[in-house]
Every structure is written in C-alpha cells, then in structure tokens.
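Structural features, examined
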Amino acid sequence: MAVPLDYETLRIIWWALMGVLLIGFALTDGFDLGAAALLPFVARSDEERRLVINTIGATWEGNQVWFILGGGAIFAAWPLVYAVSFSGFYLAMFLVLAALILRPVGFKYRSKHHDPKWRSRWDWALFVGGFVPALVFGVAVGNVLLGAPFRLDSDLRSFYEGGLLGLFTPFSLLTGLLSVAMLVLHGAGWLSLKLEPGPVLNRARLYGRIAAPIAILLFLGGGAFVAWGSLGFRLEGLIDPAGPSNPHLIKAVAAPGAWLDNFTAHPWMMAAPVLGLIGPLIAMLGITVRRDLLVFAGSSLANIGIIATVGLSMFPFILPSSIDPASSLTAWNASSSQPTLFLMLIVTIIFLPVVLAYTAWAYRVMFGRVTTEQVRFNPDYY
C-alpha cells in the first residue's frame, strides 16, 4: 500500500496525538479525580456529599474513554513503549486500576443503604479513587523524566530492574504532588461551575485558592530540578527520523540539563511552561472575582501547559532508560510500521470527531448546576 505521508511525519503526528489524548484525559477525567479527592473536605453532611458526587455522576463514565483511548493508542502506535512501561510499572498500574475500580462501585453502592457508616466508607473509597490515581500518574511522569530502570537485549526483550517503592523518589513525589494539586484545582473549578451557591461551593473555592499557588510552587520546583539536577537525556551521532524501529540503531546518553535543550532551540515552546504558570493565576483571579467559568478555564490551561511542558521538553524521547541509555525509546525508534501508523491515522480522523461530538452533546444535555432540591427528589441521582 502506497502511503502518502512519510514515516517521520507520521511519527510526529502520533507523538502529538498521544499528547492530545493525555491532555484530553486530564481535562475531562481530571476534574472527576479532583472532585473526588475534595469530597471529604468540601462536603460535611450526607446531602452535601451527594451534591458533590452528582456534579460528576452524569459524565464520569464517558470521561474514562480518554484513558482507554490513550492506552490503546500507546499499544497500537508505540508497541515497544507499551510493552516496557506496562510490564515495568505493573504494580503501579495495578494500584491505579484498583483505585479506579473503587469509583464505579462507590457511585453505585453508597446510596443503596441509609446507614451513615456505610455511606461514609464509600465516600472515602471515592476519595481514594480520586487521590491515588492523581498521585501515581504524577509519580509515573516523574519517573519518565528521570528514566526508567530497564534495558533491552539484542532481541529487544525488555528487562526491568526496579520495584514499586523505587518509583517514589524525591523528584517523582514532587511531580506526584504537582499532579494532585493541578487536578484538585481542576476539580475545584468544575465544582465552581456545577454547584449551587452555598457552603459547599464556598469550600470548593477555598480549596481551589489553596491548590493554585501550591501547583505554581511545585511546577517551579520541578523546573529547578530539571535545570540544576541530574535529569536529562540526549541523542548523539547520526539520527534518521525515518529509520527502522530499533532502539539499538540510535545512540542516547544521559546528559544533565538536556531536558531544556528544546526550549533553547525553539523558543516558541516556552509558551507551554508559561501557560502552566499563568493558568493557576487565572483560576485564582476567577475565584477572587467569583467568575466560575474563569476558574475552570484557568485550571484547564494549567493542565494543558504542564502536560505540554513535559512532552516538549522530552521530545523525541518517550521512555528513556536510566540504567542503559542506549535502550531508550524515542519517537524515531519505537513506533509501529509506516502503513500501520497511516491506517490508524485514517481511523482516528474518522472516529475522533465522533467522540468529540457525542462528548460535547452529553455535556450540553447535562449543563447546569446541581441543586439540593434535585438531590432530594430526583430518583435518578446518586
């Protein structure tokens, strides 16, 4: 089959699409995770907790589509990345999945019984289902920046030489807390849009006001780690962006500070970290002037800026190796074949607009604030 796009272009497109899917997940399921993490703190009575739960109750299942799409895209477009990361980070992924499983059970079961202790336990389960994935996803990003402890043999079989506890380093904990802060801010922004005026809304704004400066400080702290720590990898020698998908054909080396190379070579990329810093400030402004849409817009921009900063700083690396840099996986050496990438692109062009369209339609139908009266008398509410 003749492919009208060259291999390098297809690899760049799929690298960008992977970023789009990750951002889509953060923007949609991110506020679900943030709202769930805020549940025990912004809601003090059963009725208040039901208010919070029903702000995300109508859309959380659809939002998880982005998580599934992201995993599927990695599997199909970057099979080596999928194989190494999902086998190496197996226990961490199992922890995330176990926490995510608590969410549907918590949503469905908490209101089946009127016992306060029963409902309280499921409310804390929903908190775990929001906080743990937010933390572990951030820890995973920190470990990607540090480099994962894996190596590839001559047959491209991967050997992971780390453990679950080894993932929790000072830098990865910082990125994990940054993830929690930015998603809590996003959850507060969503609650600002969806809650009726009252004490729960006021508490959500308060926690948003706290999360915003914390996100800024942690983002700046992560930048300091990257600039002056021992983080970074760089490609050396002759590089063929259209070459075979074989990591052994590209030489990668550890190079502290190299994650800043792209920003030096392409100053326009600085828009991403600037957006990551301005977003929380916009959210804080929105909280101050009581403009709820501005809060949500600011938290969304923060998510976009922070995630884009990581992706742009690492390009073309996707998963570097800390113990054998020569085994590092990049956009140039870990993709599927050219025909596969092109065929998948056609499918994506057809079906991604469908996903966006029904998502937009669902949010339009569910638009509006959740009120105490609805929670009390609507039999379809959790």
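All of the points below concern the structure found in this document. (Residues numbered from 1 in each chain as written. Predicted model: local features only at pLDDT ≥ 70, side-chain atom pairs only at ≥ 80, totals over all residues. Heavy atoms only, no water.)

Observations concerning the overall build of the protein chain
When helices and strands are counted, the protein chain shows 14 helices and six strands. Against the globule reference of 21 Å for 382 residues, the protein chain gives a C-alpha radius of gyration of 21 Å, in line with a compact fold. Referenced to the eigenvectors of the C-alpha coordinate spread, the extents of the protein chain come out at roughly 65 × 45 × 35 Å. Taken across its 382 residues, the protein chain has 49% of its residues classed as buried. Of the accessible surface of the protein chain, which amounts to about 17,400 Å², a share of 71% is contributed by carbon and sulfur atoms. (Helix = DSSP H or I, 4+ residues; strand = E, 2+ residues; numbered from the N terminus. Rg over C-alpha atoms; globule rule 2.2 N^0.38 Å. Buried < 20%, exposed > 50% of the residue type's maximum accessible area, 1.4 Å probe, protein only. Areas by Shrake-Rupley, 256 points an atom, 1.4 Å probe, with all protein chains shown as cover.)

Quick word on the nonpolar core
Generally speaking, a soluble globular protein has its nonpolar side chains buried in company with each other. Membership of the largest hydrophobic core comes to 102 residues, with the highest contact counts inside it found for W14, V42, W78, L191, W259 and L329. For this core, the element with the highest residue contribution is helix α1 (residues 7–42), accounting for 15 residues. Excluding anything up to four places from it in sequence, L329 contacts L80, V81, V84, F150, L152, P247, F317, I318, L319 and A334. (Core = buried A, V, L, I, M, F, W, Y, C linked by side-chain atoms within 4.5 Å. Contact = heavy atoms within 4.5 Å.)

A few points about a nonpolar patch on the surface
A cluster of nonpolar residues, L343, I346, V347, I349, I350, F351, V354 and Y358, forms a patch on the protein surface that exposes about 740 Å² of accessible area. Looking at where L343 falls in the secondary structure, it is placed in helix α13 (residues 338–365). Taking the relative accessible area as the measure of exposure, L343 reaches 53% and is therefore exposed. (Patch = residues over 30% accessible without salt bridge, like charges linked within 9 Å, V, L, I, M, F, W, Y side chains within 5 Å. Salt bridge = Lys/Arg side-chain N within 4 Å of Asp/Glu carboxyl O.)

A short note on the environment of L294
Along the chain, L294 turns up in helix α12 (residues 292–314). Separated by 41 residues in the primary sequence, L294 and V253 place their C-alpha atoms 43 Å from one another. Apart from residues no more than four positions distant in its own chain, L294 is found in contact with I282, A283, L285 and G286.

Quick notes on unusual backbone geometry
The step from F315 to P316 runs through a cis peptide bond, and the omega angle for that step is 5°. If you trace the backbone, P316 turns up in the loop between α12 and β5 (317–319). Residues other than glycine seldom take positive phi values, yet L156 does so here, at roughly 65°. Mapping L156 onto the fold places it in the loop between β1 (150–152) and β2 (158–160). The backbone of R290 shows a phi angle near 60°, a positive value even though the residue is not glycine.

Overview of the side chain of E48
One can find E48 in helix α2 (residues 46–56). Judged by its relative accessible area of 13%, E48 is buried.

Overview of the pairing of strand β3 (residues 233–236)
Going residue by residue along β3, you find F233 and L235 tucked away on one face and R234 and E236 left uncovered on the opposite face. Taken together, the four bridges between β3 and strand β4 (residues 251–254) define a ladder with antiparallel strand orientation. Across the sheet, R234 pairs through a bridge with V253, a residue of β4. (Pairing = 2+ DSSP bridges.)

Brief notes about helix α5 (residues 79–88)
When α5 is considered as a whole, its buried residues turn out to be L80, V81, V84, S85 and G88. Projected onto a plane normal to the axis of α5, the buried residues spread over an arc of 110° and lie on a single side. Residues of α5 that are buried make contact with α4 (65–77), α6 (90–109), β1, β2, β5 and β6 (329–330). (Arc of directions from axis to C-beta.)

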